[in-house]
Amino acid sequence: MKNEGPWKERDNPLRAGREEPPRPQAGGKERDRRWMALALREAERALEEDEVPVGCVVVRGENLLGKAHNQVERLRDPTAHAEILALTQAAAALDDPRLTGCELFVTLEPCFMCAGACVLARLDRVVFAARDPKFGGCGSLLDVPATPGLNHVLQVEQGPLGEEAATLLKAFFRGRR
Ligand SMILES: [Zn+2]
């Protein structure tokens, strides 16, 4: 089945026969909600700073390794998305550019740049709250992690607090008009 929904694991023939990455899901949905709530708090900080309200955390097990919000305006940097900043922090915390065994929680579907960065970082899992039909790189505009031929399997899913995350974004864009 090809079109069973953008966030499901794709039928990528190149993935066949490869081992599933370990799934660090202890605590399951409740744990996802806890980490996403922390990411949402970061998004609220972005809104206070008049940045597009997106927040992100990178964790390994129960350890918080990176926590950031979008700072494109403040840093005058088009790449200063929450995910990139949090990934940089996490890599520094581990002193390792490969974030094997780590998960990233972000309030908005990663864009194509950030989805690529998540693959390069060798993350195990990405959980996002709201979808981004305009720039989403995990199934909406593109599906970067499902690109055939990639040698890293990244588990991507839509998680909790999507409405809350979308409400923040709406508040921001309403204020801009
Ligand atoms: Zn991005």
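Look a little higher up for the structure.
My aim in this report is to walk through the structure given alongside it, one point at a time.

## So, the coordination of the zinc ion
Those donors, His81 (ND1), Cys111 (SG) and Cys114 (SG), are the protein atoms that reach the zinc ion, and they lie 2.0 to 2.3 Å from it. In primary sequence terms, the donor set of the zinc ion follows H-x29-C-x2-C. Residue histidine 81 is located in the loop between α2 (72–75) and α3 (82–94), and its partner cysteine 114 is located in helix α4 (residues 112–120); the two are separated by 33 residues in the primary sequence. By relative accessible area, which is 23% here, histidine 81 ends up partly exposed. Residue classification places cysteine 114 among the buried residues on the basis of a relative accessible area of 0%.

## Quick notes on the pairing of strand β2 (residues 63–69)
Here strand β1 (residues 55–60) pairs with β2 via 6 bridges, running antiparallel. Across the sheet, glycine 55 pairs through a bridge with histidine 69, a residue of β2. Hairpin connection, β1 to β2: the antiparallel pair is bridged by 2 residues, and glycine 61 has positive phi, about 60°.

Here is what the cut-offs are and how they apply
Residues numbered from 1 in each chain as written. Predicted model: local features only at pLDDT ≥ 70, side-chain atom pairs only at ≥ 80, totals over all residues. Heavy atoms only, no water. Donors = N, O, S within 2.8 Å, 3.2 Å for Na, K, Ca; no water. Helix = DSSP H or I, 4+ residues; strand = E, 2+ residues; numbered from the N terminus. Buried < 20%, exposed > 50% of the residue type's maximum accessible area, 1.4 Å probe, protein only. Pairing = 2+ DSSP bridges.

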